[in-house]
Amino acid sequence: MSATLARAEPSTAGAGDYIELMKPRVMSLVVFTALVGLVVAPGHIHPVIALTALICIAVGAGAAGALNMWYDADIDARMGRTAARPIPAGRLAPGDALAFGITLAAFSVCVLGLLVNVIAGALLAVTIAFYVVIYTMWLKRTTPQNIVIGGAAGALPPMIGWAAATGGIALEPVVLFLVIFFWTPPHFWALSLYRTEDYVRAGVPMLPVVAGERETRRQILIYTIVLAPLGVTPWLLGYAGPLFGAVALAGGAGMVALAIGVRAEQNGHAASKRMFSFSILYLFVLFAMLLVDRMSAGLALW
Amino acid sequence: MSVVESRVRDHLSNQQDPQPGIRLTEQQQRARRARSLAIALALGGLALLFYVVTLVKGPGVLTQP
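Since the structure is predicted, the reported quantities are computational estimates derived from the model, not experimental observations.

Thresholds applied
- Residues numbered from 1 in each chain as written.
- Chains lettered and ligands numbered in written order.
- Predicted model: local features only at pLDDT ≥ 70, side-chain atom pairs only at ≥ 80, totals over all residues.
- Helix = DSSP H or I, 4+ residues; strand = E, 2+ residues; numbered from the N terminus.
- Buried ≥ 20, exposed ≤ 12 C-beta atoms within 10 Å, placed from the backbone.
- Rg over C-alpha atoms; globule rule 2.2 N^0.38 Å.
- Contact = placed C-beta atoms within 7 Å.
- Domains from an automatic or database assignment.
- Nonpolar A, V, L, I, M, F, W, Y, C, P; charged D, E, K, R; others polar.
- Expected span 1.5 Å × (residues − 1).
- Core = buried A, V, L, I, M, F, W, Y, C linked by C-beta atoms within 7 Å.
- Axes fitted to C-alpha atoms, helices over the stretch in contact; angles between N-to-C directions.
- Parallel < 35°, antiparallel > 145°, perpendicular 65-115°, else oblique.
- Left-handed = near helix turned anticlockwise from the far one by under 90°.

(A) Representation of the overall build of chain B within the structure. On a plain count of helices and strands, chain B comes out with two helices and zero strands. Per-residue burial for chain B yields a buried fraction of 3% across its 65 residues.

(B) Just the overall build of chain A, in detail. Within chain A, the secondary structure is distributed over 15 helices and zero strands. Taking 19 Å as the expected radius of gyration for a compact globule of 302 residues, we find that chain A reaches 20 Å, a close match to that expectation. Dimensions of chain A along its principal axes, counting C-alpha atoms only, are 70 × 55 × 25 Å. Within chain A, contacts between residues at least 6 apart in sequence are counted, and of these 72% link residues at least 24 apart.

(C) Up close: the domain arrangement of chain A. Residues and elements named next belong to chain A. Partitioning chain A into domains gives domain 1 (15-167) and domain 2 (170-302). Computed from C-alpha atoms alone, the centre-to-centre distance between domain 1 and domain 2 is 21 Å. Contacts between the two partners involve 25 residues from domain 1, matched on the other side by 25 residues from domain 2. For the side of domain 1 that touches domain 2, the secondary structure elements donating two or more residues are helix H3 (24-40), helix H5 (73-78), helix H8 (146-155) and helix H9 (157-166). A per-class count over the side of domain 1 that touches domain 2 returns 15 nonpolar, six polar and four charged.

(D) Spotlight on the interface of chain A and chain B. Facing the 15 residues of chain A at the interface are 15 residues of chain B. Among the elements of the structure, helix H4 (47-71) and helix H6 (94-115) of chain A are those that each provide at least two residues to the side of chain A that touches chain B. The dominant element in the side of chain A that touches chain B, judged by the number of residues it contributes, is H4(A), at three residues. Taken together, the residues of the side of chain A that touches chain B break down into eight nonpolar, seven polar and no charged.

(E) Helix H2 (residues 26-57) of chain B, seen in detail. Here H2(B) is 32 residues long and its end C-alpha atoms lie 46 Å apart, about the 46 Å a rise of 1.5 Å per residue gives. One or two positions beyond H2(B), positive phi appears at B:Gly58, with a value near 80°.

(F) Region of interest: unusual backbone geometry. Residue and element names in this part refer to chain A. The residue Lys23 is not glycine, and still its phi comes out positive at about 50°. One can find Lys23 in the loop between helix H2 (15-21) and H3. Residue Lys23 is classed as partly exposed on the basis of its C-beta count, with 19 C-beta atoms lying within 10 Å.

(G) Spatial organisation of the nonpolar core. Residue and element names in this part refer to chain A. Within the largest apolar cluster, 100 residues are counted, with the highest numbers of intra-cluster contacts made by Ala53, Ile57, Ala66, Leu112, Ala120, Leu124 and Ile160. A total of 15 residues in this core trace back to one element, the largest contributor, which is H4. Once you skip the residues sitting within four places of it in the chain, Ala53 turns out to touch Leu38, Leu112, Val116, Ala120, Gly161 and Ala164.

(H) The packing of H8(A) against helix H10 (residues 171-193) of chain A, seen in detail. All names here are of chain A. Relative to each other, H8 and H10 sit at 135°, their axes nearing to 8 Å. Between H8 and H10, the crossing angle belongs to the class labelled oblique. Relative to H10, the crossing made by H8 is right-handed. Packed against H8, whose contacting residues are Ile147, Val148, Gly151, Ala152, Gly154 and Ala155, the element H10 presents Phe177, Ile180, Phe181, Thr184, Pro185 and Phe188 at the interface. Grouping the amino acids of the contact of H8 with H10 by side-chain chemistry returns nine nonpolar, three polar and no charged.

(I) Summary view of the environment of A:Pro185. Examined against the element boundaries, A:Pro185 turns out to sit in helix H10. Those residues in contact with A:Pro185 that sit more than four places away from it in its chain are A:Ile147, A:Val148, A:Gly151, A:Gln219 and A:Tyr223.

(J) Summary view of the environment of B:Gln28. The residue B:Gln28 is located in helix H2 in this model. Every residue in contact with B:Gln28, bar those within four places of it in the chain, is listed here: A:Pro10 and A:Thr12.

Okay, here's the thing in structure tokens:
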């Protein structure tokens, strides 16, 4: 009875709580990488249609974030980093978050499919479903490879952007997909190295929890060694200029150097923290350079 | 107390509390207003988006490239 009454209690959640539910920081990264996919794509897309595509991708990412927070509320409540989120903090009822997430997902996919093109809409639907069902509901709680396979969801936005502009898929966005896909494990494992206790408390089988720190550090180095040459590939394939190539080479070398530092670290987590921070900068600069490269090429033609 | 007196008392107490049920607190009312405003803005934005896209794409707004 008391549970029924608790559910019937009118909500005090404000608009800010719903915005927090959409993981705005993740959303901004998704929009940024989708924008790069859209700008790098050949041909012309009307600015209004491009803006429509980006809004739909942003809302779709927000929907995935809301559904993730709805399903993971029990885990979030046990982790220091996430305990203040709207559902575990008691500001928002789980059912409200579920309804919010499903509504946004349906709207974003339908509007993108109808107003931009069906391929982009379908890719957005796959991204949301992959993140919510494959990663959140299945992999996250069952395997230390959770963020490796689940990383595909975070890697898809440049492909959605490309599909929005061209109506199809090509090798170039697949390379961008692979860059984010191989960037995700070293990025999250560097974080999980110094947040291991949180993951133990929450019962999430992250690699350091299951295989230990030594194996995690080794895997970070392996994935980074694969990532560094992949980062240079847009230049090697000819759809980015030499300036991009130079920045990608320098950034990749920095990532490998930091990963070697993480591998060699015996005590403490200073190297892991450096690696985590630098990995964000690396991905941002890499994609920003692609944007600059394409825009400067456009200006030169103009 | 007679039946009549009892009914009069019930009637008076109902007049003092004409709508029994959930009463929103000040904070709940503020939150509901903020949510309603956000929904209105989102719906307005969606209508504007459809209008602008219709202007851009012309009559074949749902025609795929």
